[in-house]
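# Examination of the molecular architecture
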Amino acid sequence: MINLNPFFISLHLIMNFQPRLYFAIPVMDEMDTLPHCLKCIELQSYKNIQVVVCVNQPERFRNQPQKYQVCENNDTTLHNLKDYKNILITVIDRASKGKGWEGKMHGVGWARKTIMDYIADVGCDEDIIVSMDADTVFHEKFAQSIVDSFKNNEKATALSLPYYHKLTGEETLDRSMLRYEIYMRYYAINMWRIHNPYCFTAIGSSMAVPIKVYKNIGGISPKLSGEDFYFLQKLRKYGSVIVWNEEPTFPETRYSDRVFFGTGPALIKGSNHDWESYPIYSYRLFDDVETTFKLFNQLFESDTITPMTDFLFATFSTGNLWQPLRENFKTLDRFRKSCCEKIDGLRILQYLKSRQQLSKNEANNLIDFLNIFHKEMVDEQQLILSDFTFENTSINALNEIRNLLTEIENNYRKQFRIINWY
């Protein structure tokens, strides 16, 4: 006999609710990679999925001969998407003649915003936006793992997914990719080590957020590059971020100049031996950040000197940084939170860069860090670090170091699973 009691009907609907996952994919000049991403989505075990693609380019590309290939590629992509029947796809056309970006409104940041704003309008609050790139692949249980992560952490505001770049077999490209990924993982691990509230890596193809949260924070800011970094930082200030997921993403290893900074431009610079923007900082600089954050309790009572004081006074153009925070936030918890929001992930990165001259021997910085904090793992995996250099160490040895750092980072992610502290 079917129970028609409204309470039990509502309970049944709640218990069996399956949020729709909206894959948000900006596309420019990616006819070769997008089909692989779409095929991964097609093969997902979780089926309540919709894809929203924004094929985009500045309108001025139509008048630039050097951009002819990009325009042609985008036109072909739009044509091919019309015939794609295997999954539900919504196409936002910002690439056809007369529909391209105008003025300052262009770039991947505007594409992501356009897609996510559209999803926020058509989706339910409980549905989930999965920020994805067209060059990224993943396993068949990827979508289900995202649903499970939010189901197991109902108060979380976002998910920062694990990632892993695969080798290509092209030595120069692989060396650059490994150097860049070592930089990212080394940075994140040190932020984990000092228990900083911004200990995550922001990658455009490795984030997810419930629509309700997206609306509450006012959406994503349309940066020309780095929109993923600012977006995830904004989400962290709003609430807790899940940092472990059973299924990672696998972004493609490739050169790309479509954005001003990020993986693609980093690999181009790296292939020309330019790593100035991505140094392996001395771990001691992260210790300075840790010391500063530990002094927030003391700063609630009175001013005191921190390792970051000179930098902070210069950055905020004031010698009276703490008193206004004390006046506006009367309890220690609120004061600490305000300090963490003021000295956020961007300010920490700027501080490290301001002390970059202290990190000249980057290979030694990495070796010192591994020997001091992870000597047992180095010995277990029989890594030879004595003659290590980024330029001459073999690809296999570089990959072993990358994999060691991946294991260390994932151990942190699994241990904490969610960042909810200040």
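This write-up is about the structure you can find in this document. Remember, it's a predicted structure, so these values are computed and weren't measured experimentally.

So, about the overall build of the protein. When its secondary structure is counted, the protein shows 18 helices and 10 strands. For 422 residues, the compact-globule estimate of 2.2 N^0.38 gives 22 Å, and the C-alpha radius of gyration of the protein, at 23 Å, lies within 12% of that figure. Considered along the principal axes of its C-alpha atoms, the protein spans approximately 60 × 60 × 50 Å. Among the 422 residues that make up the protein, the fraction classed as buried is 54%. In the protein, the share of contacts with a sequence separation of at least 24, taken over all contacts with a separation of at least 6, comes to 79%. Only carbon and sulfur atoms are counted for the fraction: they give 51% of the accessible area of the protein, which is about 19900 Å². Of the side-chain charges in the protein, 48 are positive and 52 negative, and the distance between the mean point of each set is 5 Å.

Structurally, Leu-78 is set in helix α3 (residues 68-82). Note on Leu-78: relative accessible area 9%, which makes it buried. Each C-alpha atom, one on Leu-78 and one on Thr-406, is 37 Å from the other, the two residues being 328 residues apart in sequence. For Leu-78, the contacting residues outside a window of four places in its chain are Val-55, Val-91, Asp-93, Ala-95 and Ser-96.

Looking now at the pattern of salt bridges. Under the defined criterion, the tally for this structure stands at 19 salt bridges. Note that Arg-185 is salt-bridged to Glu-409, the shortest N-O span being 2.9 Å. One end of the pair, Arg-185, is in helix α6 (residues 171-193); the other, Glu-409, is in helix α18 (residues 395-416), with 224 residues separating them in the sequence. The residues Arg-185 and Glu-409 share a single accessibility class, namely buried. In this structure, Asp-379 and Lys-375 form a salt bridge, with 2.9 Å as the shortest nitrogen-oxygen distance. Here Asp-379 and its partner Lys-375 are both found in helix α17 (residues 375-380), four residues apart, which amounts to about one turn of the helix. Given the relative accessible area of 44%, Asp-379 is considered partly exposed. A single network of salt bridges, built from pairs that share partners, joins Glu-181, Arg-185, Arg-402, Glu-409 and Arg-413.

A word on the packing of aromatic side chains. Within the structure shown, the criterion is met by 26 aromatic pairs. Taking 5.9 Å as the distance between ring centres and 25 degrees as the angle between the ring planes, the aromatic pair formed by Phe-23 and Phe-138 counts as stacked. Here the residue Phe-23 occupies a position in strand β1 (residues 21-27), and Phe-138 occupies one in the loop between β5 (136-137) and α5 (142-152), the gap between them amounting to 115 residues. In terms of burial, Phe-23 and Phe-138 fall into one category: buried. On the numbers, 5.0 Å between centres and 75 degrees between planes, the contact of Phe-388 with Phe-390 is edge-to-face. Taking the relative accessible area as the measure of exposure, Phe-388 reaches 6% and is therefore buried. Aromatic rings pair up to connect Tyr-180, Tyr-183, Tyr-186, Tyr-187, Tyr-278, Tyr-281, Tyr-283, Phe-286, Phe-369 and Phe-373 into one cluster. Over the ring of Tyr-164 we find Arg-402; its NZ or CZ atom is 3.9 Å from the centre of that ring.

The next subject is helix α4 (residues 108-122). Taking 1.5 Å of rise per residue, 15 residues should cover 21 Å, and α4 covers 21 Å from first to last C-alpha, within 8% of that figure. Buried within α4 we find Val-108, Gly-109, Ala-111, Arg-112, Lys-113, Ile-115, Met-116, Ile-119 and Ala-120.

Right, let's get into the nonpolar core. Ranked by internal contacts, the top residues of the largest apolar core, which has 89 residues, are Trp-322, Leu-366 and Leu-370. Here the element with the most residues in this core is α6; it accounts for 11 residues. Other than its neighbours up to four places away in sequence, Trp-322 contacts Phe-296, Leu-299, Asp-303, Leu-312, Phe-313, Phe-335, Cys-339 and Ile-343. Within the second largest apolar cluster, 35 residues are counted, among which are Leu-21, Phe-23, Leu-38 and Ile-89.

Conventions used here
Numbering of residues starts from 1 in each chain and follows the order in which that chain's sequence is written. Owing to the predicted nature of the model, reporting of local features is limited to residues with pLDDT of at least 70; listing and counting of side-chain atom pairs is limited to 80 or more, with chain, interface and lining totals taken over all residues. For side-chain calculations, the full set of non-hydrogen atoms in the structure is used, while hydrogens and water are omitted. Where helices and strands are cited, they refer to DSSP runs of H or I of at least four residues and of E of at least two residues respectively, numbered from the N terminus. C-alpha atoms define the radius of gyration, and 2.2 Å times the number of residues to the power 0.38 defines the globule rule. Relative accessible area decides the class of each residue, using a 1.4 Å probe on protein chains only: under 20% of the type maximum gives buried, over 50% gives exposed, and in between gives partly exposed. Residue contacts are counted whenever heavy atoms from the two residues lie within 4.5 Å of one another. Only the protein chains shown count as cover for residues, and the accessible areas themselves come from Shrake-Rupley with a 1.4 Å probe. By the counting scheme adopted, Arg and Lys are positive, Glu and Asp are negative, and His together with the chain ends is not counted. For charged residues, the charge sits on one atom: NZ in Lys, CZ in Arg, CG in Asp, CD in Glu. One side-chain nitrogen of Lys or Arg within 4 Å of one carboxyl oxygen of Asp or Glu is enough to make a salt bridge. Stacked, tilted and edge-to-face are the three classes assigned to paired rings of Phe, Tyr and Trp, where Trp is represented by its six-membered ring and a pair needs centres within 6.5 Å; plane angles under 30 degrees give stacked, over 60 edge-to-face, the rest tilted. Distance and angle both matter: a charge sits over a ring if NZ of Lys or CZ of Arg is within 6 Å of the ring centre and within 35 degrees of the ring normal. In this analysis, the expected span of each helix is defined as 1.5 Å times one less than the number of residues it contains. In plain words, nonpolar cores are sets of buried Ala, Val, Leu, Ile, Met, Phe, Trp, Tyr and Cys residues tied together by side-chain atoms within 4.5 Å.

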